[in-house]
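Secondary and tertiary structure notes
Below are the chains, spelled out letter by letter.
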Amino acid sequence: MQNYPQYTNKQKYLHWFSACLVFIVIALPLYKLYFVNWLGSMANVFSLHKSLGIIILLLTIWRIIVIRKNGVPDVIPREHKLQRILAKSVQGFIYLLLFLLPLSGYLMSSKALDFLGIISIPAVPLPNNGYVIFHLIHNYGSYLLIMFLFLHIIGALFHYFWVKDKVLQSML
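Computed from a predicted structure; not experimentally measured. (Residues numbered from 1 in each chain as written. Predicted model: local features only at pLDDT ≥ 70, side-chain atom pairs only at ≥ 80, totals over all residues. Heavy atoms only, no water.)

**Concerning the side chain of Ser 104**
The topology assignment puts Ser 104 in helix H4 (residues 81-107). Since its relative accessible area comes to 1%, Ser 104 is described here as buried. (Helix = DSSP H or I, 4+ residues; strand = E, 2+ residues; numbered from the N terminus. Buried < 20%, exposed > 50% of the residue type's maximum accessible area, 1.4 Å probe, protein only.)

**Looking at the packing of helix H2 (residues 32-39) against helix H3 (residues 42-70)**
Following both chains from N to C, one finds H2 and H3 inclined at 100°, their axes separated by 8 Å at the closest point. As judged from the angle between their axes, H2 and H3 are roughly perpendicular. Together, Lys 32, Leu 33, Phe 35, Val 36 and Leu 39 of H2 and Met 42, Asn 44, Val 45, Phe 46 and Leu 48 of H3 make up the contact between the two elements. Per-class residue counts for the contact of H2 with H3 are 8 nonpolar, 1 polar and 1 charged. (Axes fitted to C-alpha atoms, helices over the stretch in contact; angles between N-to-C directions. Parallel < 35°, antiparallel > 145°, perpendicular 65-115°, else oblique. Contact = heavy atoms within 4.5 Å. Nonpolar A, V, L, I, M, F, W, Y, C, P; charged D, E, K, R; others polar.)

**Re the UniProt feature "transmembrane region" (unreviewed entry) in the chain**
Per the UniProt annotation, the sites labelled "transmembrane region" (unreviewed entry) are residues 13-31, 43-65, 85-103, 115-137 and 143-163. In residues 13-31, the share of helix is 95% and the share of strand is 0%. The end C-alpha atoms are 27 Å apart. For residues 115-137, helix accounts for 43% and strand for 17%, while the C-alpha atoms at its two ends are 22 Å apart. (UniProt positions renumbered as here; feature names shortened; annotations may be inferred.)

**Side note on the environment of Gly 130**
Mapped onto the elements of the fold, Gly 130 is located in helix H5 (residues 128-163). The exposure class of Gly 130 is buried, given its relative accessible area of 12%. In this structure the C-alpha to C-alpha distance between Gly 130 and Leu 151, which are 21 residues apart in sequence, comes to 31 Å.

**Let's talk about the nonpolar core**
Counting 20 residues, the largest nonpolar core has Val 22, Ile 56, Ile 94, Leu 98 and Leu 145 as its most contacted members. Elements represented by at least two residues in this core include exactly helix H1 (9-30), H3, H4 and H5. Beyond its immediate sequence surroundings of up to four residues, Ile 94 is in contact with Leu 145, Phe 148, Leu 149 and His 152. In terms of nonpolar packing, the next biggest core, distinct from the first, is built from 5 residues, Ile 54, Tyr 106, Leu 107 and Leu 113 among them. (Core = buried A, V, L, I, M, F, W, Y, C linked by side-chain atoms within 4.5 Å.)

Rendered as C-alpha cells:
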C-alpha cells in the first residue's frame, strides 16, 4: 500500500506514452539522415514526424480532459511553494507547447498533411509571411520544449535523489 499521492493509471499511461512519442518526434528531424535508411525517404521521415505530432496533439487534449475530470494529486507539499510554482509552471509550458507545436507545424506547411497514410488533411492557405511566422513558432517552440522537458526531468531526478520524496514514484 502506497502512503503517498498517486496519479491515476490512465494519467500514468498517457504521460509515458506521450513522453515516448515526444522523444521520437524530436529525434526524427534531428537524426533524419539515420532514419531515412529505415523509412526509405526524407518525405517518409517528415510524414511520420507530422503524423506523430498530430497524435501528440490529440493525446494532449485527452490528458487535459483527464486532468479536469480526475484532478492531479498534491505530490509536492503545500508548504514548498517555490517548488510547486516551478513544477506547475514547467508542466504548464510543456502542455502549452505540446498543443502549440503540432498546430504550428501543420500551419507552417503549404502542403496537405498525410496522416499515417490513412487521411489527408488539406493545408490551410496562408499568405507567405503566415507560413514564415508559423515556421518560426515551430522552430523556437521546439527548442523551448526541449528546455522545459530537460527541466521537468531534472526536477523529477532532484526530488528522487536530493529531496528523497515520492514525487517521481507518483508517476511510475
